[in-house]
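Understanding the architecture of this molecule
The residues making up each chain are set out below.
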Amino acid sequence: MATTLLRWTIADYHRMIAVGLLGDRRVELLNGLILEMAPEGPDHADLSTDADELFAAQARGRYRVRVAKPITIAETGSEPEPDIALVRRQAYRQGHPTPADVFLLIEFANSSLEKDTEEKRQVYAAAGIAEYWVANLKQGELIVYREPQGNDYRLEQRLRDGFIAPLAFPDIEIDVRDLL
């Protein structure tokens with residue numbers, strides 16, 4: 001007998017949240033599957049807080065910084081919650097940001113490294129999100145993905161030091177070590 005996974009739609013997922021079916025569980029929807037999110041360790045929590053403050057201080061009204069908030073990717077039936085998202089400066093009361101609203105996504109990864117560099121990378125690339133960074137806390141490197149094409153990114157760069165700027169905001173230079 002073959003096993004078949006039941007894939008949920010974004011509407012199904014929202015209904016589950018609305019009726020409290022998922023309770024206080026930390027989950028996200030990826031490719032129609034509801035996945036539990038790994039708990040944050042102290043380094044993950046501290047670095048994502050620092051990154052939030054760093055990007056917020058340089059926003060100057062050009063973007064909003066969303067921390068661990070959903071983005072809706074209808075094309076793949078996904079609603080991930082990236083650690084940091086730089087999105088268009090507007091209200092999102094009627095719906096979460098979509099790929100057209102996203103300038104940059106960042107994940108801080110320890111135990112979630114495989115999910116962040118595989119499933120999430122492919123979901124974000126398929127959605128056409130121009131830039132995705134993964135702070136690999138295990139190896140002390142920043143993995144930068146750019147130029148989405150199909151279900152992947154054409155460019156992958158691994159940095160341990162130096163400076164990097166988001167493609168959409170080249171005037172913002174970030175010391176790579178501040179993300180690790």
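One can find the structure itself at the top, above this paragraph.
Below is a summary of the structure that appears in this document.

Conventions adopted
- Each chain carries its own residue numbering, running from 1 in the written order of its sequence.
- Local features are withheld for residues below a pLDDT of 70 in this predicted model, meaning they are given only at 70 or higher, and side-chain atom pairs are given and counted only at 80 or more; totals for whole chains, interfaces and linings count all residues.
- Side-chain metrics rest on all non-hydrogen atoms present in the structure, leaving aside hydrogens and water.
- Only DSSP runs of H or I with at least four residues qualify as helices, and only runs of E with at least two residues qualify as strands; both kinds are numbered from the N terminus onward.
- The globule rule used here is 2.2 Å times the number of residues to the 0.38 power, and the radius of gyration it is set against is calculated over C-alpha atoms.
- A simple rule labels every residue: compare its accessible area, found with a 1.4 Å probe on the protein chains alone, to the largest value its type can have, and call it buried under 20%, exposed over 50%, or partly exposed in between.
- Any two residues whose heavy atoms approach within 4.5 Å are treated as being in contact.
- A 1.4 Å probe and the Shrake-Rupley method give the accessible areas. Residues count as covered only by the protein chains that appear here.
- Neither His nor the chain ends is counted toward charge; the positive residues are Lys and Arg and the negative residues Asp and Glu.
- Working definition for charges: the position is that of NZ of Lys, CZ of Arg, CG of Asp or CD of Glu.
- A patch consists of residues whose relative accessible area exceeds 30% and which take part in no salt bridge; residues with like charges are grouped when within 9 Å of each other, and nonpolar side chains (Val, Leu, Ile, Met, Phe, Trp, Tyr) when within 5 Å.
- Any carboxyl oxygen of Asp or Glu that lies within 4 Å of a side-chain nitrogen of Lys or Arg is treated as forming a salt bridge with it.
- Definition used in this section: a nonpolar core is a set of buried Ala, Val, Leu, Ile, Met, Phe, Trp, Tyr and Cys residues joined via side-chain atoms within 4.5 Å.

Check the secondary structure of the protein and you find 4 helices and 10 strands. Secondary structure of the protein in N-to-C order comes out as α-β-β-α-β-β-β-α-α-β-β-β-β-β. The C-alpha radius of gyration of the protein comes to 16 Å, within 12% of the 16 Å expected for a compact globule of 180 residues. For the protein, the proportion of its 180 residues judged to be buried stands at 46%. Across the protein, the fraction of contacts at a sequence separation of at least 24, relative to all contacts at a separation of at least 6, is 52%. Total accessible area on the protein is roughly 9500 Å²; 49% of this is exposed by carbon and sulfur atoms. Put simply, the protein has 21 plus and 30 minus side-chain charges, and the middle of one group is 4 Å from the middle of the other.

Together, Asp43, Asp46, Asp50, Glu53 and Asp178 make up a region of like negative charge exposed at the surface. Inspection of the secondary structure assignment puts Asp46 in helix α2 (residues 42-57). Residue class for Asp46 comes out partly exposed when judged on its relative accessible area of 45%.

Attention shifts here to the nonpolar core. Counting 23 residues, the largest nonpolar core has Phe55, Tyr63, Phe108, Trp133, Leu142 and Ile164 as the members making the most contacts within it. At the level of secondary structure, the elements contributing two or more residues to this core comprise α2, β4 (84-87), β5 (102-109), β6 (131-136) and β7 (141-149). Residues contacting Phe108, with those up to four places away along its chain left out, are His44, Leu47, Ser48, Ala51, Asp83, Ile84, Asp116, Ala135, Leu137 and Leu179. One finds Ala85, Tyr92, Val123 and Tyr124 within the second-largest nonpolar core, a separate group that totals 20 residues.

The quantities given are spatial measurements derived from coordinates; they are silent on function.
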